[in-house]
Amino acid sequence: MQNYSPPPPHVTHPGIVARDITKEFTSAVNKLAPGELIKDDHFTLFEAVSALEIMDPKMDSGFLAEGETLDEEYDVGRDLLPEEILGIIDQLLCLEMAWHLGYPLSQTLLTSVYIEALLNPTPTNITEANFVRDPKLWDKQPKLLFVLRAYCVGLIKTCHYVNEIVKEELCYEVSISHPTSRPYPLRSQADRAQEEDFVMNTYDRSLLAEIQEEPIFDLLQSARSDLRAIRNDVGEDITTALDLRLELRIAFLRAIDLMALRNANPDSLKTPWIEMQGLIGIISEQHSLGKPVPEAFSTKLQRHLASTMPPRPIVQTSFEESCRHFEQMFRDGIDITEVLKYSDPQSLLTFVATFQARKPQPIVFIRILLQSLVLKDMVIVGSYTPRQIIDNDLSLTVLPCGRQLDPSFDSIEVPTDPRHQVSAQMELFRHRVTEAYFDLFRIFCQNRCRVRRTLCHSIHEWDMLQADVEEVDQLLQVALEDDDAPLLQGERGAGDNIGYRLPLSSWAYLYKLRQMEWIVQLGFELALYQPDELASMYWYLNYLAKTRAQHGDRIKAFTTRSLNQARQVQAQAAAGPGVGPGGASSGGYTAAKDREYMRSLAYIRATMLDAACTWEFADGLCCLYTGLQRVGLLDHLLRPSPSSSSSHPPPYSDDEHRYRIRTRPFAAIGLPQLPTFAESSRATAQPGTALPDLLAYAEGAVAGARKGYEALTRMSDQQAFCVRAHGRWLADVRACLRAAIAANVAVAALRRAVAEAAGGEGEEAGKDEDGVKDNQDHLGEEKKDQKRGSGSGSGSGLNLRDKFRVEIPGPGQGYHDWWIVPKLIPLTTAT
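Residues numbered from 1 in each chain as written. Predicted model: local features only at pLDDT ≥ 70, side-chain atom pairs only at ≥ 80, totals over all residues. Heavy atoms only, no water.

Trainee: Please explain the environment of Tyr 625 as it appears in this structure.
Mentor: Of note, Tyr 625 is situated in helix α19 (residues 591-630). Tyr 625 gets classed as buried once you look at its relative accessible area, which sits at 0%. Along the backbone, Tyr 625 and Pro 531 are 94 residues apart, and their C-alpha atoms lie at a distance of 8.6 Å. When near neighbours in sequence (up to four residues on either side) are disregarded, Tyr 625 contacts Leu 534, Ala 535, Tyr 538, Leu 634, Ile 808, Ile 820, Val 821 and Pro 822. At 2.6 Å, the side chain of Tyr 625 forms a polar contact with the backbone oxygen of Ile 820. (Helix = DSSP H or I, 4+ residues; strand = E, 2+ residues; numbered from the N terminus. Buried < 20%, exposed > 50% of the residue type's maximum accessible area, 1.4 Å probe, protein only. Contact = heavy atoms within 4.5 Å. Polar contact = N/O pair within 3.5 Å; in protein donor to acceptor, adjacent residues only side chain to side chain.)

Rendered as structure tokens:
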């Protein structure tokens, strides 16, 4: 290879004389010592990069191949067959969906010669939006080109509206990767989840922003009428196919237009989405009628865009896959209108969270529309103010019938009046929490990676918010000292003195705990944790869920006391005149107030049950993974440690450092305080607990979680506070239930294997056999195979590496992404 001499450059310019300096350059390089560099102070970094780009087709936007011209030579006024027009429109559909999926316009729609002809130069009215700008040539255009023109105009206007809507909401623009020499394949849902969402750059193309919507609607309707008039000349099938595509364009524009009417009847907003869902199914069946025109799309057009990047390949997508994405988008568009049917704040949060978590994940445009429906111009779900939503949330969670929420206090103007002070402090509280509270809904409209990343910042905001509103609580306590007396020992049974109520900071603490749990759970879903970290992270999830359950118990105690006081006052008022203790009797204890108390207690029970299920399941999985580590079944999945015999142990791989990395988002949180590494290691490993006892405890914890999930599945949408989202919520709970059953099978199989290896086959193993059989009835034939194989191990000792192997399901391969349940597979039957 050293003797290889590249051919001399082909230079045709008469003013340049080329000379081959390969030998001189090689001789000079050989005189340099290894590592020695030569730098010319006048040869800058920009010049160096430019030198690398010149004549490189991947980097040099001005590079032309032999015989290639700079401009595209395709004639937009050429005669087209009806089948070719249909093929171009279908290709535009594919490029439009590729843009929605995160590719830039420069690689999608702006590679169309017809789109470029409409946009450059920029038209100022609908008449100028034509492929040929000379009015004298309009009558000479092919007879069916008006269909393609109308469709392209509607498509460009739709993209303009989509781009503007995305810009107005919280969205993260995609970071374009390096160019490649071959066409990009369509990214999978999992790949796109690891990246950002959208490319808003229009490359100095106006996308018909100057043209109003009405002329575009008129142009589309006129094209449909003219197309029907020549139906006999063109053919029934082709005419119908072209007409349906124009109808799809009209419906898309109408759907976007109606979404701005957020206070309208939600069912009326569904109409164009339902129409488009029906159309796309028919359109996908008509694709075979079209004829592709690949020369109508060119990467050369990218040279005329306002971009510093060289031409990149056109995104190649299949029409079938594009139709599937469109069908999903239209179905999701129908579903998001349900968010306007407001019930309560917790149902609203559940709706947004479960909608974003559905698979496949809704595309960014739909999630942005959901953002705008939930919160736009400080109007919530079309007709509610932020104060109404926050007060409803407080009333539901920590302050049923609270005097702090009494709107009549706003009319009191005497500064010394306690009611005026309460009103002023509550207004200060609302001002402080509004942005952080509604950001939660916006956060859950991002992709899964971005949700976790943003929640890691959000919990710090809520931690500071909790400290700030505690001061507000203390000021309110002075004005409402009768209501906010401390809860003394014995008021909730055998509990301790839990101090003052402090409802506002208690509310903030509850939300902070929920976000901390979501962060850990999303870490499991996104496969952030290594196999040897699963036990410790499930222990930390157990720690957070247990804290939330205890906090829910505290809220329940104060709510119950407030309810008892209100009923006591009502009983005293019914018995005779007099004023009872406390101020809860303001306005009398009515049936409406009783329903408010009962609803708050129902929410507390639901959230405590959810926390208990998380607590028990995480505890059981922590013990299961600890047991697997003790018997050596995770060794083949672990990385070499610094103490291993490996001659090159990986850097920064000690357990303490990894623990600090995983828990870094929680290190600065004041309450609950992050356990130290020593505390976490001791609680996870449980060195003082024998392996049989550890597995028995794991089995009991998983069984408790299973019972809790079974109880949750029996809840109605009102009881579970998931109105309008009960189907998605119930599917998630059932997935958790199946994961709990699978975990029960895995624990029982490990217990039996340990008992057999220790020579303890007998009564205890028989009990396990019965328990496994019960669970297998729920899981099906796959778990029956696992049960039969688990009993085939033999030998002595507690090292089971020679008898079993463990498989840990990857993202999307288990029953639930938050619960990573390992599979114990006997080596004798594994193939």
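Trainee: What's the story with helix α17 (residues 503-525) in this structure? I'm lost.
Mentor: Note on helix geometry: an α-helix contains 3.6 residues per turn, so any two residues three or four positions apart are oriented the same way. Here α17 contains 23 residues, and its C-alpha end-to-end distance of 33 Å stays within 8% of the 33 Å for a straight helix at 1.5 Å per residue. By the criterion of burial, α17 is predominantly enclosed, with 23 of the 23 residues buried. A positive phi of about 60° marks Ala 527, the residue just after α17. (Expected span 1.5 Å × (residues − 1).)

Trainee: What is the right way to look at helix α15 (residues 418-443) in this model?
Mentor: Taking 1.5 Å as the rise per residue, α15 with 26 residues should run 38 Å; its terminal C-alpha atoms sit 37 Å apart, in good agreement. The largest bend in α15 is about 45°, located at Val 433. Between a side-chain oxygen at the N-terminus of α15 and the backbone nitrogen of Arg 419 the separation is 2.8 Å; the capping residue is Asp 417. (Bend = angle between axes of the 7 residues up to and from the residue.)

Trainee: What should I look at first to understand the state of the cysteines in this one?
Mentor: The term disulfide refers to a covalent linkage connecting the sulfur atoms of a pair of cysteines. Using the criterion set out here, one finds zero disulfides in the structure. Cys 94 provides the cysteine sulfur closest to Cys 323, a residue in no disulfide bond, and the two sulfurs are 7.0 Å apart. By relative accessible area, which is 6% here, Cys 323 ends up buried. (Disulfide = S-S within 2.5 Å.)

Trainee: When you look at the nonpolar core in this model, what are you seeing that I'm missing?
Mentor: Ranked by internal contacts, the top residues of the largest apolar core, which has 216 residues, are Tyr 114, Leu 148, Tyr 538, Tyr 709 and Trp 819. Element by element, the count of residues in this core is highest for helix α25 (residues 726-757), at 17 residues. If near-sequence neighbours (up to four positions away) are discounted, Tyr 538 is found in contact with Phe 524, Ala 618, Leu 621, Cys 622, Tyr 625, Trp 818, Trp 819 and Ile 820. With five residues, the next largest nonpolar core counts Leu 563, Ala 566, Tyr 589 and Tyr 597 among its residues. (Core = buried A, V, L, I, M, F, W, Y, C linked by side-chain atoms within 4.5 Å.)

Trainee: Sorry if this is basic, but what is going on with the layout of surface pockets here?
Mentor: One water molecule sets the probe size; rolling that probe over the atoms shows where empty space is left. Roughly 1,100 Å³ of volume is contained in the largest pocket. Only α12 (345-357), α17, α19, α23 (691-713) and α25 provide two or more residues apiece to the lining of the largest pocket. Per element, the largest residue contribution to the lining of the largest pocket is seven residues, and it comes from α25. (1 Å grid on protein atoms, 1.4 Å probe; cavity = no way out; pocket = protein on both sides within 12 Å on 5 of 7 lines; lining within 4 Å. Points joined across faces, edges and corners; volume = space filled by probe spheres on them.)

Trainee: It is not clear to me how the side chain of Thr 158 should be interpreted in this structure. Could you clarify?
Mentor: Tracing the backbone through its elements, the reader meets Thr 158 in helix α5 (residues 145-168). Dropping the residues within four chain positions of it, Thr 158 is found in contact with Glu 96, Arg 249, Phe 252, Leu 253 and Ile 256.

Trainee: How should I be thinking about the confidence of the model for the protein chain in this particular structure?
Mentor: Parts of the model with low pLDDT should not have their predicted coordinates read in detail. In this model, the protein chain carries a mean pLDDT of 85, and residues with pLDDT of at least 70 account for 82%. Model confidence for the protein chain, summarised as mean pLDDT per element, is weakest for helix α27 (residues 781-790) at 36 and strongest for helix α14 (residues 386-397) at 98. Note that pLDDT drops below 50 for residues 175-195; the model gives that stretch 44 contacts with residues more than four away or on any other chain. Taken together, the stretch residues 578-586 has pLDDT below 50 and engages in 14 contacts with residues farther than four places along the chain or on a different chain. (pLDDT = per-residue confidence, 0-100.)

Trainee: So what exactly am I meant to see when it comes to empty space enclosed by the protein here?
Mentor: Throughout the structure, instances matching the rule amount to seven cavities of 30 Å³ or more. Of the residues that constitute the lining of the second largest cavity, the class distribution is five nonpolar, two polar and four charged. (Nonpolar A, V, L, I, M, F, W, Y, C, P; charged D, E, K, R; others polar.)

Trainee: Just checking my understanding: could you explain unusual backbone geometry for this structure?
Mentor: Glycine aside, negative phi is the norm for most residues, and most peptide bonds take the trans geometry. Here the amide bond leading from Asn 120 into Pro 121 is cis, since omega sits at 0°, within 30 degrees of zero. With respect to the helices, strands and loops of the structure, Pro 121 is situated in the loop between α4 (113-119) and α5. Between Lys 359 and Pro 360 the backbone carries a cis peptide bond, its omega angle lying at -5°. For Pro 360, the location among the structural elements is in the loop between α12 and α13 (364-374). The backbone of Leu 207 shows a phi angle near 55°, a positive value even though the residue is not glycine. As for its placement among the helices and strands, Leu 207 is situated in the loop between α6 (189-193) and α7 (213-229). The class of Leu 207 is buried, set by a relative accessible area of 5%.

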